[in-house]
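# Coordinate inspection notes
Here is how the chains run, residue by residue.
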Amino acid sequence: MSFQFEVQSTSDSARAAVFHTPHGPVETPAFMPVGTLATVKTLDPEDLVRMGATMILGNAYHLHLRPGDDVVKEMGGLHRFMCWDGPILTDSGGFQVFSLAKLRTLNEDGVEFQSHIDGSKRFFTPELVMQIERNLGADVIMQFDHVIPGQSDEASARDASERSIRWLARCLAEVNRLELGPPVPHLKLMRAEPDKTVVTPKYVPTRTGEFAAQLQQQALFPIVQGGIHPHIRRQAAASIASMHDWPGFGIGGLSVGEDKPAMYEMLDVVDEALPRTHPRYLMGVGFPEDLIEGVLRGVDLFDCVAPTRMGRNGAAFTHDGRLNIKRAEFRTDPRPLDESCQCATCSRFTRAYIRHLFIADEMLGLRLLSLHNVHFLLSLMRSARQAIQTGTIEEWAREWLLRFRASPPIEV
Ligand SMILES: [Zn+2]
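First, a word on what this report is: a plain description of the structure on this page. (Residues numbered from 1 in each chain as written. Predicted model: local features only at pLDDT ≥ 70, side-chain atom pairs only at ≥ 80, totals over all residues. Heavy atoms only, no water.)

Turning next to the pairing of strand β2 (residues 14-21). Burial runs high along β2: seven of the eight residues are buried. Looking at chain direction, strand β1 (residues 4-11) and β2 are connected through seven bridges and run antiparallel. Paired with Val 7 across the strands is Ala 17, a residue of β2. Taken together, β1 and the strand that follows it, β2, pair antiparallel across an intervening segment of two residues, in which Asp 12 is found at a positive phi of about 50 degrees. The pairing of β2 with strand β3 (residues 24-28) spans five bridges and is classified as antiparallel. For Phe 19, the partnering residue across the bridge sits in β3 and is Val 26. Between the antiparallel neighbours β2 and β3 lie two residues. (Buried < 20%, exposed > 50% of the residue type's maximum accessible area, 1.4 Å probe, protein only. Helix = DSSP H or I, 4+ residues; strand = E, 2+ residues; numbered from the N terminus. Pairing = 2+ DSSP bridges.)

As structure tokens, this is what we get:
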């Protein structure tokens, strides 16, 4: 078995664990930076290695439309294509089909929609999405699901949740069928000498030729849906868990417009209903306070575009809440973005300099803020892991949240 989840210590629902994948271990709880289009915007894979990222995300919907999953497959799979030889998870595109695409028509077989790029007609079925995710070749692949807005009524939530479970069975059958098929041919990789001028203590991802030459085993994660209706969530979790021995579970359809207490209540419900022996991945949730609340409720993996999207808008996470670097008050501020942050931005640059880059529309500004924000969440989860291991997670979380919430969030 290529995938294993090893729980090392627990404190109530929170746990510190290691999720073993064919491309290496992921220490949890962990934040996974999002590389929707096979790039974590503005960051080089070597930046991600240096800041300790272990698993990153790609998106099946986006990569299918551009450049095409067939192109990615021909280029040796997603790891090789984007020069990342750590674990990758691909989202199935359910969320994008139901949020980004235009003119959707849904039936039991699948969803017809227009590409948001060129308006071309597409039809996604659970089987096709599994083929796309197979071509991309990520370690963890998510099922194709029916995603609904956060405040949907009970009837729509039940309908979408039940359809997602029926589609899950089809995803599993297709994955099994594909795994029995002939091996997927991949490009032979050129070997080259590592560049001696680049100091990368762990490895040089682009030059070692260590990418797997054949497709590894993939772990299909189901997604628990059910809106903000506890009994639907509970039922969904129970029927999914009894259907198959899944390598892990996704929790979807949260942080999509519902209020925070409702989201935390759903996490409590799912925490009770899912087996504690497997990793849980809370999809699309990435604000610091939600990560901590999620960890306390037994969540192991998180992802969100927030750190890079906010970074491009001039907003930085700090231990004292969010900061908008474009504000005039930072014009001659000699401090780093966050005085206790160890990232490559905070250890070198002042707020005054980064503000100047934003005001002058310089690209380095976007990069420095994205770097800081991603590092902030990675290191937040490392601290949470340590607090679980030392049995201090409750106090640590209380103090952290108290300080963070004391400053009002700055909207950007
Ligand atoms: Zn920093």
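The next thing to look at is the coordination of the zinc ion. Around the zinc ion, the protein supplies Cys 341 (SG), Cys 343 (SG), Cys 346 (SG) and His 372 (ND1) as donor atoms, at distances of 2.1 to 2.3 Å. One can describe the site at the zinc ion as tetrahedral: its four donor atoms subtend angles covering 98 to 118 degrees at the metal. The sequence motif formed by the donor residues of the zinc ion is C-x1-C-x2-C-x25-H. Accessibility classification places Cys 341 together with Cys 346 in one group, the buried group. (Donors = N, O, S within 2.8 Å, 3.2 Å for Na, K, Ca; no water. Tetrahedral: all angles 85-135°; square planar, octahedral: opposite > 155°, others 65-115°.)

The next point concerns the layout of surface pockets. By volume, the largest pocket amounts to about 960 Å³. Phe 95, Gly 284, Cys 304, Val 305 and Arg 309 are the residues nearest the centre of the largest pocket, which is lined by 43 residues in total. When contributions to the lining of the largest pocket are tallied by element, the ones reaching two or more residues are β5 (56-59), α5 (94-99) and α11 (306-312). Sorting elements by how many residues they give to the lining of the largest pocket places α11 first, with five residues. (1 Å grid on protein atoms, 1.4 Å probe; cavity = no way out; pocket = protein on both sides within 12 Å on 5 of 7 lines; lining within 4 Å. Points joined across faces, edges and corners; volume = space filled by probe spheres on them.)

Within the fold, Ser 242 resides in helix α8 (residues 230-243). Ser 242 sits 32 residues away from Leu 274 along the chain, and the two C-alpha atoms are 9.9 Å apart. A polar side-chain atom of Ser 242 sits 3.1 Å from the main-chain carbonyl oxygen of Ser 239. (Polar contact = N/O pair within 3.5 Å; in protein donor to acceptor, adjacent residues only side chain to side chain.)

The strand order across the open sheet built from four strands is β5-β6-β10-β11, with neighbouring strands paired in parallel fashion. Two strands lie at the open edges of the sheet, namely β5 and β11 (219-221), each paired on one side alone. In this sheet, adjacent strand axes meet at a mean angle of 25 degrees when their direction is disregarded. Pairing of β5 with strand β6 (residues 88-91) involves four bridges; the strand directions are parallel. When the sheet's bridge partners are listed, Leu 57 is paired in β6 with Leu 89. (Axes fitted to C-alpha atoms, helices over the stretch in contact; angles between N-to-C directions.)

Moving on, we get to the state of the cysteines. Note on terminology: a disulfide is the covalent bond linking the sulfur atoms of two cysteines. Using the criterion set out here, one finds zero disulfides in the structure. Left without a disulfide partner, Cys 304 is nearest to the cysteine sulfur of Cys 341, which lies 18 Å away. Judged by its relative accessible area of 10%, Cys 304 is buried. (Disulfide = S-S within 2.5 Å.)

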